[in-house]
Amino acid sequence: MKSDYSRPLDLKHGRVDLSHGGGGRAMQQLIRELFARHLGNELLAQSNDGTVLPSQQGRLVMSTDSHVVAPLFFPGGDIGALSVHGTVNDVAVMGATPLWLSAGFILEEGFPLADLDRIVRSMAEAARHAGVQIVTGDTKVVEQGKGDGVFITTTGIGVLPDGIDLSGANARPGDAVLISGSIGDHGMAIMSQRENLAFDAPIVSDSAPLNSLTAALLASQIELRLMRDPTRGGLAATLNEIATQAGVGITLFESAIPIKPAVEAACELLGLDPLNIANEGKLIVVCAADSAPSALEVLRAHPLGREAAIIGTITADPNRFVQMQTRFGGRRMVDWLSGEQLPRIC
Amino acid sequence: MKFVDEFRDGQLAEGIAGAIRKTVEVNRRYHFMEFCGGHTHAIARYGIPDLLPDNVRMIHGPGCPVCVLPIGRIDLAIRLALEHGVILCSYGDTLRVPASNGLSLLRAKALVDKARGDIRMIYSPNDALKIARENPSRQVVFFAIGFETTTPPTAVALLTAEREGLQNFSVLCCHVLTPAAITHILDSPEVRDLGLVALDGFIGPAHVSTVIGSQPYEFFAEEYRKPVVIAGFEPLDVMQAILMLIRQVNTGNYRVENEFTRAVTREGNRKAQALVAECFELRKQFEWRGLGEVPYSALKIRERLAAFDAETRFNLTYQPVPDHKSCECGAILRGVKHPTDCKLFGMVCTPDSPMGSCMVSSEGCCAAHYTYGRHKDHPQGHATS
Ligand code: SF4
């Protein structure tokens, strides 16, 4: 029997329509010609309602993250790569080796297939680079005006060898706090696109998979307490989380915190604090003070950690305050961000 | 881009701090008010009080444009969006100011029927003009707030709208004036008669002064015998200004000095002043949050441009609304109280759920103290490692 002819997807001028989420032939075609083509692997190819995963030694770590970002494409990345990095990093900072991801797409009717193709290709590339597979997925289409182009939710599973415990509660007074590189790059890359801030060189997002960096730290002899990736809410939010969880205080040294001049200038212009700005490829490490020099060495030896620095210390403080010794010689609190980041007027 | 750092060099700061320590007379106390929210923010963010001797105290003044906006004015803006169906364009930090009925512009934004009205965040009046041009069938109102710095751009927008004959654009004018507010504080009974608030000098606002010049402050030096030093917003500028004020107090020779010579002249920006004079006239009275009615302290749009005045176009009547009865913003803005004197501070009133306006903008003194300085309120605040 001859199979029915169907016109291939028009990846140049075509657009997402409601039938692409309807469960019929159009949806099958989108999966075949776009998603499976780029993301394909033997696990995804099982094509059942669920994917059977091979059994593993050790405990499992699971994490999920939804990605909404405007613009969808920005200097240094796009929503596709970001959705892979975000979840890979959440699994990796637990000390686990990320292995598999699921990907759920909510597409807005009218979204250009060419853009979707670009996003999915970028996801595939990011997954390859991070050494993970996308093993199951889902697509829904919402009417025009009810979405913002595309939303992507990824869930990741990784394996955690026995004996590793990197909970935020582990921080102890005296420990050192390190960061793998400059802060605020991702958030300001996005914001400067949105606000049309023109700089000589655009601010580039730091979106990157951290699993090889975390693996390098775990392979060393460092007395690690915990690792975190300071995404939304920036360094300030993550450190406040750690202080709350562990019941300690933290003192930062402003002059030690790496920050790119363009990021600092853009923050200044918009009245924002770089400590509150999101990162997508930075690692916070808390380790015993004795281990700090070797941790710094391991970080700096890795391409993602060249600008790593020791930026603070854990203190005994029942108030669980995060404070900062300013470059100016004074001291101030470093608080959670309140509400949304809203630029000041003057 | 290096310029941002140059001004924050800790060594230079230590140098000025040393000079301040040497200059202060031990049995004197020095109380200086930084008028402007930009200074309040810099002082808190860089921990400047830690560098000052104990007998030098900074008092936060009413110069945060968002903080002095009374509830009734925000209510007007909200009504425009919800009832009159306009696209209301506002600066970002005005969005969270608490208004009546538990609303704020941000909360109202979630309520508006987008087919009828909207609330949008903008960066300059130009953005509002653009929205008006792109939506000829919708009414677009620019919620104009701020001191003398933000007034000239509003004037330009009004004149542009007039020239282009933009029928659907208007301005809800809430611009206020710096010198009037300073006079009001100096004339307040706490300062003048009761002596409850010692005020030994002012740090004058840099940006405002680039527009109005340093001349308007001469009155304070001559009439009220208070030194004024106009200073930039970088922390070193503030430190330098404090040193200059201390010197004036010590010698008893009161005048207006200009630390911010980079951009401020005695006359200010004549062109900007002319633009403002062309578009605005003084209001007889204007309510300030915290200060109450202050005579001749704000601007309204001139009769000639009445077609672009949202208050006229939509027939708005101002309805004053009292602040929460426990909120001490008024006393704090006059320098009579400190944020921690308010029993709502840090309890029900935090930057996430502000009860009063001082907790809204990062330039507001309650927000600045909560965000950057509250470790000082706790005995263990100065943690050891
Ligand atoms: S803490 Fe809140 S309620 Fe109290 S004075 Fe400040 S803003 Fe007003």
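Residues numbered from 1 in each chain as written. Chains lettered and ligands numbered in written order. Predicted model: local features only at pLDDT ≥ 70, side-chain atom pairs only at ≥ 80, totals over all residues. Heavy atoms only, no water.

Engineer: Teacher, can you tell me more about the overall build of chain B here?
Structural biologist: Summing up its helical and strand segments, chain B has 16 helices and 13 strands in all. The long-range fraction of contacts in chain B, counting pairs at least 24 apart against all pairs at least 6 apart in sequence, stands at 76%. Put simply, chain B shows about 15,600 Å² of open surface, and 51% of that area lies on carbon and sulfur atoms. If the 42 positive side-chain charges of chain B are averaged to one point and the 43 negative ones to another, these points end up 2 Å apart. (Helix = DSSP H or I, 4+ residues; strand = E, 2+ residues; numbered from the N terminus. Contact = heavy atoms within 4.5 Å. Areas by Shrake-Rupley, 256 points an atom, 1.4 Å probe, with all protein chains shown as cover. Lys, Arg positive; Asp, Glu negative; His and termini not counted. Charge placed at Lys NZ, Arg CZ, Asp CG, Glu CD.)

Engineer: Sorry, what's going on with the domain arrangement of chain A here?
Structural biologist: When the parts come together, some accessible area is lost, and that loss is often what is quoted as the size of the interface. Residue and element names in this part refer to chain A. Domain boundaries assigned for chain A yield domain 1 (18-160) and domain 2 (168-333). If you average the C-alpha positions of domain 1 and of domain 2, the two centres end up 28 Å apart. Tallying the contact residues gives 19 residues for domain 1 and 21 residues for domain 2. Summing both sides of the interface, domain 1 and domain 2 together bury roughly 1,600 Å²; the carbon and sulfur share of this comes to 62%. When the buried area of domain 1 at its contact with domain 2 is split by residue, P75, N89 and V93 rank highest and sum to 35% of it. Applying the counting criterion to the domain 1 and domain 2 interface returns zero salt bridges. Across the domain 1-domain 2 interface, the total number found is seven residue pairs in polar contact (both at pLDDT 80 or more). (Domains from an automatic or database assignment. Buried area = accessible area lost by both parts, 1.4 Å probe. Salt bridge = Lys/Arg side-chain N within 4 Å of Asp/Glu carboxyl O. Polar contact = N/O pair within 3.5 Å; in protein donor to acceptor, adjacent residues only side chain to side chain.)

Engineer: Help me out: how do you make sense of the packing of helix α2 (residues 79-92) of chain A against helix α3 (residues 113-130) of chain A in this one?
Structural biologist: Packed helix pairs are specified by the crossing angle of their axes together with the interaxial distance, meaning the distance between the axes. Residues and elements named next belong to chain A. At a closest axis distance of 6 Å, the pairing of α2 and α3 adopts a crossing angle of 35°. Of the two possible hands of crossing, α2 and α3 adopt the one that is right-handed. Judged by residue contacts, I79, G80, A81, S83, V84, H85 and V88 of α2 engage I119, S122, M123, A126, A127 and A130 from α3. Residue composition of the contact of α2 with α3, grouped by class: nine nonpolar, four polar and no charged. (Axes fitted to C-alpha atoms, helices over the stretch in contact; angles between N-to-C directions. Left-handed = near helix turned anticlockwise from the far one by under 90°. Nonpolar A, V, L, I, M, F, W, Y, C, P; charged D, E, K, R; others polar.)

Engineer: Explanation requested: helix α4 (residues 185-194) of chain A in the structure shown.
Structural biologist: Because each turn of an α-helix spans 3.6 residues, side chains separated by three or four positions in sequence point in the same direction. All names here are of chain A. Along α4, eight of the 10 residues are buried, which leaves the element largely enclosed by surrounding structure. Every buried residue of α4 is accounted for by D185, H186, G187, M188, A189, I190, M191 and S192. Looking at the packing, one finds that the buried side of α4 touches β2 (73-74), α2 and α7 (261-270). (Buried < 20%, exposed > 50% of the residue type's maximum accessible area, 1.4 Å probe, protein only.)

Engineer: Hey, could you run me through helix α16 (residues 365-373) of chain B in this one?
Structural biologist: Counting buried positions over the nine residues of α16(B) gives nine, a clear majority of the element. Along α16(B), the positions that sit buried rather than exposed are C365(B), C366(B), A367(B), A368(B), H369(B), Y370(B), T371(B), Y372(B) and G373(B).

Engineer: What am I meant to see in the domain arrangement of chain B here?
Structural biologist: All names here are of chain B. On domain assignment, one finds that chain B holds domain 1 (5-59 + 202-258), domain 2 (71-178 + 268-313) and domain 3 (329-371). Taking only C-alpha atoms, the centre of domain 1 and the centre of domain 3 are 23 Å apart. Taken residue by residue, the interface counts seven residues in domain 1 and seven residues in domain 3. Contact between domain 1 and domain 3 buries roughly 510 Å² in total, counting both sides, with carbon and sulfur atoms accounting for 65%. On the surface where domain 1 and domain 3 come into contact, there are zero salt bridges.

Engineer: Just to check I follow, could you spell out the pairing of strand β4 (residues 97-108) of chain A for this structure?
Structural biologist: Working note: regular strand, side chains alternate between the two faces of the sheet. Residue and element names in this part refer to chain A. Pairing between β4 and strand β6 (residues 150-160): 10 bridges, direction antiparallel. Its bridge partner being in β6, A103 is matched across the sheet by T154. Across nine bridges, β4 lies against strand β5 (residues 133-142) in parallel orientation. Looking at β5, one finds that G104 is bridged to D138. (Pairing = 2+ DSSP bridges.)

Engineer: It is not clear to me how the site of the ligand should be interpreted in this structure. Could you clarify?
Structural biologist: In the vicinity of the ligand, 13 residues are found, and the nearest of them are C327(B), C329(B), C342(B), C349(B) and C366(B). Here the residues of the shell around the ligand are counted per class, giving 11 nonpolar, one polar and one charged. (Near = heavy atom within 4 Å.)

Engineer: Just checking my understanding: could you explain the packing of helix α5 (residues 211-219) of chain A against helix α8 (residues 292-301) of chain A for this structure?
Structural biologist: Residues and elements named next belong to chain A. Packing of α5 against α8 leaves a shortest axis separation of 10 Å and a crossing angle of 145°. Between α5 and α8 the crossing geometry is right-handed. Contacts between α5 and α8 pair L213, A216 and L217 from the former with A295, V298 and L299 from the latter. Taken together, the residues of the contact of α5 with α8 break down into six nonpolar, no polar and no charged.

Engineer: Where do I start with the side chain of Q29(A) in this structure?
Structural biologist: Summarising the element assignment, Q29(A) is placed in helix α1 (residues 25-39). Apart from residues no more than four positions distant in its own chain, Q29(A) is found in contact with S6(A), R7(A), P8(A), L9(A) and L34(A).

Engineer: Please explain the side chain of S326(B) as it appears in this structure.
Structural biologist: On the secondary structure map, S326(B) appears in the loop between α14 (310-313) and α15 (329-333). Contacts of S326(B), omitting those with residues within four sequence positions, involve C342(B), K343(B) and L344(B).

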